[in-house]
Amino acid sequence: ARVETVGNKDTGGGGSSIMTLTRKAMKKCTPLLLIGLVRLATNKGLEYQEHISEYGVHWNFFFTLCCVEGLAVAWKGVRGRWGIVATTGTSKVPLPLDGILALGMMIPYQFLLSKGGLQEFIENGDRRCDAETALSFAVTYVPSLCDMFVANREGILGVVGYF
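Residues numbered from 1 in each chain as written. Predicted model: local features only at pLDDT ≥ 70, side-chain atom pairs only at ≥ 80, totals over all residues. Heavy atoms only, no water.

> Lay out the overall build of the protein with the relevant residues and their values.
A count of helical and extended segments in the protein gives 9 helices and 2 strands. Starting at the N terminus and ending at the C terminus, the protein contains elements arranged as α-α-α-α-β-β-α-α-α-α-α. For the protein, the proportion of its 163 residues judged to be buried stands at 25%. Of the contacts formed within the protein by residues at least 6 apart in sequence, a portion of 60% connects residues at least 24 apart. Per element, the accessible surface of the protein, about 11200 Å² overall, is 65% carbon and sulfur. (Helix = DSSP H or I, 4+ residues; strand = E, 2+ residues; numbered from the N terminus. Buried < 20%, exposed > 50% of the residue type's maximum accessible area, 1.4 Å probe, protein only. Contact = heavy atoms within 4.5 Å. Areas by Shrake-Rupley, 256 points an atom, 1.4 Å probe, with all protein chains shown as cover.)

This is the structure we're talking about:
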């Protein structure tokens, strides 16, 4: 009966759906992650010419695809579970959640690129964290993670545009 009224197959408490989403994401992302690791190892091992301004020091397009696929699986689960509908009298109209998400991500991202200094950071920022960077709080708590982020910021922040 719930499927007829809400249009959603998942009637559980949420725990099993999170595990299902995790398994789906792992199944789709694992090959991309492995290919990305092989590409990284071969590029570094063969000293193949790389342009770090494209994806960063360690990042490559397979890692981007892995992130996008994982985020897409998660978004489909959220959208399916909380497929909000607007009621107008006796009919229910689904809200355009994909458009809302796209605008909710891209407007602030574009603002940060244009006015917040993000584009300057992506194009010309240092490859290591220090006390002078905008991420100085992370230097104290997780320095290796901070260094990994700034070394690969082009690829990591580019995921937003692909998603």
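Further notes follow.
> Which residues make up the environment of M105, and what values go with them?
With respect to the element layout, M105 can be found in helix α5 (residues 97–114). Expressed as a C-alpha distance, the spacing of M105 and V160, which sit 55 residues apart in the sequence, is 7.6 Å.

> So what's going on with the side chain of D147? Residues and values would help.
Considering the arrangement of structural elements, one finds D147 in helix α8 (residues 143–151). Apart from residues no more than four positions distant in its own chain, D147 is found in contact with R127, R128 and C129.

> Can you tell me about the pattern of salt bridges, naming the residues and giving the values?
Evaluation of the coordinates by the stated rule reveals 1 salt bridge. Where E69 meets K28, a salt bridge forms, and the shortest distance between an N and an O atom there is 3.5 Å. Placement of E69 in helix α4 (residues 61–81) and of K28 in helix α2 (residues 15–45) is noted, with a sequence separation of 41 residues between them. Taking relative accessible area as the criterion, E69 reaches 24% and is therefore assigned partly exposed. (Salt bridge = Lys/Arg side-chain N within 4 Å of Asp/Glu carboxyl O.)

> Quick rundown of a nonpolar patch on the surface? Include the residues and the values.
Together, L33, L34 and L37 make up a nonpolar patch on the protein surface, roughly 270 Å² of accessible area in all. With respect to the helices, strands and loops of the structure, L37 is situated in helix α2. On the basis of relative accessibility, which here comes to 43%, the residue L37 falls in the partly exposed class. (Patch = residues over 30% accessible without salt bridge, like charges linked within 9 Å, V, L, I, M, F, W, Y side chains within 5 Å.)

> With reference to specific residues and values, describe the packing of α5 against helix α9 (residues 153–162).
Here α5 crosses α9 at 135 degrees, and the two axes come no closer than 9 Å. Between α5 and α9, the angle is such that the two are oblique. Together, M105, M106 and Y109 of α5 and L157, G158, V160 and G161 of α9 make up the contact between the two elements. (Axes fitted to C-alpha atoms, helices over the stretch in contact; angles between N-to-C directions. Parallel < 35°, antiparallel > 145°, perpendicular 65-115°, else oblique.)

> For the packing of aromatic side chains, give the residues involved together with the corresponding values.
Following the criterion strictly, the structure yields 3 aromatic pairs and no others. Ring centres 5.7 Å apart and planes at 65 degrees place the aromatic pair W59 and F63 in the edge-to-face group. A ring pair is formed by F61 and Y162, whose centres lie 5.5 Å apart and whose planes are at 65 degrees; its orientation type is edge-to-face. Of this pair, F61 sits in helix α4 while Y162 sits in helix α9, and the two are 101 residues apart along the sequence. Taking relative accessible area as the criterion, F61 reaches 32% and is therefore assigned partly exposed. Its guanidinium or amino end placed over the ring of F121, R153 lies 5.1 Å from that ring's centre, counting from NZ or CZ. (Phe/Tyr/Trp six-rings, centres within 6.5 Å; stacked < 30°, edge-to-face > 60°. Lys NZ or Arg CZ within 6 Å of the ring centre and 35° of its normal.)

Everything listed is a geometric property; what it means functionally is a separate question.
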